[in-house]
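If you want the building blocks of each chain, they are given just below.
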Amino acid sequence: MTLFDKIQATANYIKSRIDNNPKAAIILGSGLGGLIDIIQDATEIPYSEIPNFPVSTVKGHSGKLVFGKINGCEVMLMAGRFHYYEGYNMQEVTFPVRVMKALGVEILFLSNAAGGTNSSFKIGDLMIINDHINTFPEHPLRGHNDERLGTRFPDMSEAYDHDLIKLAKQICAEKGIDVKTGVYCGLQGPTFETPAEYRWIHTMGCDAVGMSTVPEVIVARHAGLRVFAISVITDIGISDVPVKVSHEEVLEAANEAAPKMAGLVAALVTAACS
Ligand code: HPA
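Residues numbered from 1 in each chain as written. Predicted model: local features only at pLDDT ≥ 70, side-chain atom pairs only at ≥ 80, totals over all residues. Heavy atoms only, no water.

Undergrad: Even after reading the chapter, I still don't get the packing of aromatic side chains, so can you show me in this structure?
TA: Pairs of aromatic rings are described using the distance from one ring centre to the other and the angle between the two planes. Tallied over the full model, the rule gives seven aromatic pairs. Taking 6.2 Å as the distance between ring centres and 75 degrees as the angle between the ring planes, the aromatic pair formed by Phe53 and Phe82 counts as edge-to-face. Pair noted here: Phe53 is in the loop between strand 2 (40–46) and strand 3 (64–70) and Phe82 is in the loop between strand 4 (73–79) and helix 2 (90–102), with a separation of 29 residues, a long-range link. A relative accessible area of 2% places Phe82 in the buried class. Ring geometry for Tyr84 versus Phe136: centroids 6.1 Å apart, planes at 90 degrees, classification edge-to-face. You can see Tyr84 sitting in the loop between strand 4 and helix 2 and its partner Phe136 sitting in the loop between strand 6 (126–134) and helix 3 (162–175), a full 52 residues away along the chain. Considered together, Tyr84 and Phe136 belong to a single accessibility category, that of buried residues. Counting every residue linked through ring pairs, the aromatic cluster contains Tyr47, Phe53, Phe82, Tyr88 and Phe95. (Phe/Tyr/Trp six-rings, centres within 6.5 Å; stacked < 30°, edge-to-face > 60°. Helix = DSSP H or I, 4+ residues; strand = E, 2+ residues; numbered from the N terminus. Buried < 20%, exposed > 50% of the residue type's maximum accessible area, 1.4 Å probe, protein only.)

Pasting the structure below:
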């Protein structure tokens, strides 16, 4: 079966299970599972029931799609994403984004936990991503290009939608949320970075680093979706003395920032939808 046929089959299965037409999709990052509560009238489909969806490798984190509404706007949400470091290939990592497009989604909102490489950032800060640098060893668009899915050589001059960034900044100002803006570096992981790598990431022009988002954004742009992405800064890599980073601390910091993030995402989705 071609990728195109697989996408159609999966989208048709999902349509048979739900009765909403999501205009926006949200991908939740590590520790941000609490954002699921912003969805009203939720219908859930576990990934394990969805044909062609990758099978989750992380025990207890099987993941699900959630369909519902945010202030009247029909949305879908991915609770649990697929990371390259788990062993999936890039087509698998980005498959859900293809399915979103096939379901009629027009705007994709992504969140993640990231390490700060900008010394003016502190743990718990939110950073709107305005650009990225892709260092993943495999490109999600490598190989045969099916023109029905997008063009061979996609433009990436405005991967992160400027109007959505402006809107998000306005909402943060109104809500009194201190928000940073910066460039995200996508690395494969699963190791956190060495002190020299954090310095390198900073020197090449990035303010934050993480192990996700970039592949999904590339495929979303290939598919013609508008994209908004935001990081929670869960640790600071730039420091005179090496600072240990653990997954537990990352999750804790993300969890703490989740209510702030939920308020922003809900307001932004509502405004973007209308
Ligand atoms: N590096 C890479 N990924 C991360 C980090 C980090 O410091 N923090 C959270 N995800």
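Moving on from the coordinates now.
Undergrad: Hey, could you run me through the side chain of Glu86 in this one?
TA: By the secondary structure assignment, Glu86 is in the loop between strand 4 and helix 2. In this structure Glu86 is buried but unpaired, with Arg81 as the nearest side chain of opposite charge at 8.3 Å. A distance of 2.8 Å separates the side chain of Glu86 from the backbone nitrogen of His83, its partner in a polar contact. (Lys, Arg positive; Asp, Glu negative; His and termini not counted. Salt bridge = Lys/Arg side-chain N within 4 Å of Asp/Glu carboxyl O. Polar contact = N/O pair within 3.5 Å; in protein donor to acceptor, adjacent residues only side chain to side chain.)

Undergrad: Explain the site of the ligand here, please?
TA: Residues in contact with the ligand, as listed here, are Ala113, Ala114, Gly115, Phe192, Glu193, Tyr198, Val209, Gly210, Met211, Thr234, Asp235 and Val250. Glu193 is positioned such that a nitrogen or oxygen atom in its side chain is 2.6 Å from a nitrogen atom of the ligand. Within the side chain of Thr234, one N or O atom sits 3.4 Å away from a nitrogen atom of the ligand. Taken by itself the ligand offers 260 Å² of open surface, and the protein chains cover 96% of this. Here the shell around the ligand takes three residues from strand 5 (residues 107–116), the largest share from any one element. A per-class count over the shell around the ligand returns seven nonpolar, three polar and two charged. (Near = heavy atom within 4 Å. Areas by Shrake-Rupley, 256 points an atom, 1.4 Å probe, with all protein chains shown as cover. Nonpolar A, V, L, I, M, F, W, Y, C, P; charged D, E, K, R; others polar.)

Keep in mind these numbers describe shape, not what the thing actually does.
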